[in-house]
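Notes for the structure review
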Amino acid sequence: MSHSTYNIQWNEAQSQIKELLEYETTPDTQKPETDRVSAFQTVAVLYIKYIQVFRKLEECFYQIVHPQKRIVLRHVLDGTMGRLLELKNEMVNLEFSEYHFFDDVLSDMKLTPADIEIPVPRYFTQDNEKDIKDRMKLMAETLAKYQLDETTDKKEEIKMSLEEAIKIIQVHERARQGCLRAKFMREIRAQEEREKMLSLQGASTMDPDVASTYIQKVWKGYSQRNKTLKLREEELIFIGMQPNSDAHSKNKDSPVNKVSRREEERVLIQSQHEREYQDALVNIKEKIREAEGPDIKENMQDQIRQWFIETRDATGKFPDYPSDDEGGSGAIFKTKEGEEGEGGNGDGGKKKGKKGKKKKGGR
């Protein structure tokens, strides 16, 4: 799907969130509910609607490639998951159970159980991909080391003389020969039993044509059942009730394969844009520091000097420089901002007064 598709889906999710917030903040919904069943129905409806919003936001976050949009979308997605947990806690407190049945709510909302399945956010594995790989590597190294140590310990523990080894080999060889001899005797005995039963029942008198008819009947039934199953699968595929997995796997240009390839491409573009965004933040910060840093530093120094001079003129001595606990130079700028705000109002009043006097004098 295109970028505009996910932007539209994000707008729909935002509209749904706005509607849910308006519904939850209305005075009627904030009144306490005395009936436990109706209270559970209300919370269940909100829970299902938030699940639908969560599914849309998760898909948008997985496919949108704009890094700054993803930052905003991540905050919205985390807030939606937090609200889902709150509603789940309310339902547990209402029903005293971790498992809930939404059959009535789903039928009223015309939804299926698949529509309220909560998928695991894919950014859980994407963000922790490096940690997961490191953990798996550490586990593989640990297992390999443990198996190596175990084999070396066993090799060191096994110590015997040549005579003992020969005796063990002889014992195993005699046991093997005894097993083969017993198996051979069982087969001879079973063959004798079969011959005895055939002699008592008499030779089979079935006509070869009848026997071939039976064989044909069994084989035709088996082949027809396979054909029927194949025709049924083809019919389900034709009416869209079953995906054609073989065609999708063999045909690289099938819609399913195209969508999967496009999703993988978007994930790669996401990582590339994220790297470019982080590099741009550093580069822009350095450029601003180089271009405007000296001017900003000079202005700050002038303001600090002016504060020292103004304080000396007012008190007769230079003030102490604010400590780190007091805020350092930040306290100086806060003080100056407050004085400028008060001074601005005072000057405005004086100017108005002077203008008024001039007007009176003119009259």
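Refer to the structure presented above.
Residues numbered from 1 in each chain as written. Predicted model: local features only at pLDDT ≥ 70, side-chain atom pairs only at ≥ 80, totals over all residues. Heavy atoms only, no water.

A few words on the nonpolar core. If you look at the biggest cluster of nonpolar residues, it comprises 33 residues, and the most contacted ones within it are Y47, I48, L57, L73, L77, M91 and F102. Counting only elements with at least two residues in this core, the list comes to α1 (3–24), α3 (36–63), α4 (67–95) and α5 (103–109). No other element matches α3, which puts 14 residues into this core. Discounting chain neighbours no more than four positions away, the residues touching I48 are F102, V105, L106, M109, L111 and I116. (Core = buried A, V, L, I, M, F, W, Y, C linked by side-chain atoms within 4.5 Å. Buried < 20%, exposed > 50% of the residue type's maximum accessible area, 1.4 Å probe, protein only. Helix = DSSP H or I, 4+ residues; strand = E, 2+ residues; numbered from the N terminus. Contact = heavy atoms within 4.5 Å.)

Time to look at the layout of surface pockets. Think of a ball as big as a water molecule: rolled over the atoms, this probe shows where empty space is left. As a volume, the largest pocket reaches approximately 400 Å³. Taken together, 15 residues make up the lining of the largest pocket; nearest its centre are T29, K31, T42, V43 and E90. Here the lining of the largest pocket is composed, by residue class, of seven nonpolar, two polar and six charged. Estimated volume of the second largest pocket: approximately 220 Å³. Every residue lining the second largest pocket is listed: F61, P67, R70, I71, R74, Q126, D127, V267, L268, Q270, S271 and E274. Mapped onto the lining of the second largest pocket, the elements with two or more residues apiece are α4, α6 (123–127) and α11 (255–315). Take the lining of the second largest pocket: its biggest share by element is five residues, from α11. For the lining of the second largest pocket, the class distribution of residues is five nonpolar, three polar and four charged. (1 Å grid on protein atoms, 1.4 Å probe; cavity = no way out; pocket = protein on both sides within 12 Å on 5 of 7 lines; lining within 4 Å. Points joined across faces, edges and corners; volume = space filled by probe spheres on them. Nonpolar A, V, L, I, M, F, W, Y, C, P; charged D, E, K, R; others polar.)

It is worth spelling out the packing of α3 against α11 at this point. Look at α3 against α11: their axes get within 8 Å of each other, and the N-to-C directions meet at 65 degrees. Taken together, the axis directions place α3 and α11 in an arrangement best described as roughly perpendicular. Within the contact between the two elements, α3 uses F61, Y62 and Q63 and α11 uses E263, R266, V267 and Q270. (Axes fitted to C-alpha atoms, helices over the stretch in contact; angles between N-to-C directions. Parallel < 35°, antiparallel > 145°, perpendicular 65-115°, else oblique.)

Under the criterion given, the structure shown has 12 salt bridges. Between D78 and R74 there is a salt bridge, with the nearest N and O atoms lying 3.3 Å from each other. Within this pair, D78 and its partner R74 are both found in helix α4, separated by four residues, close to a single helical turn. Judged by relative accessible area, which is 34%, D78 ranks as partly exposed. With relative accessibility at 27%, the residue R74 sits in the partly exposed group. In this structure, E86 and R83 form a salt bridge, with 2.9 Å as the shortest nitrogen-oxygen distance. (Salt bridge = Lys/Arg side-chain N within 4 Å of Asp/Glu carboxyl O.)

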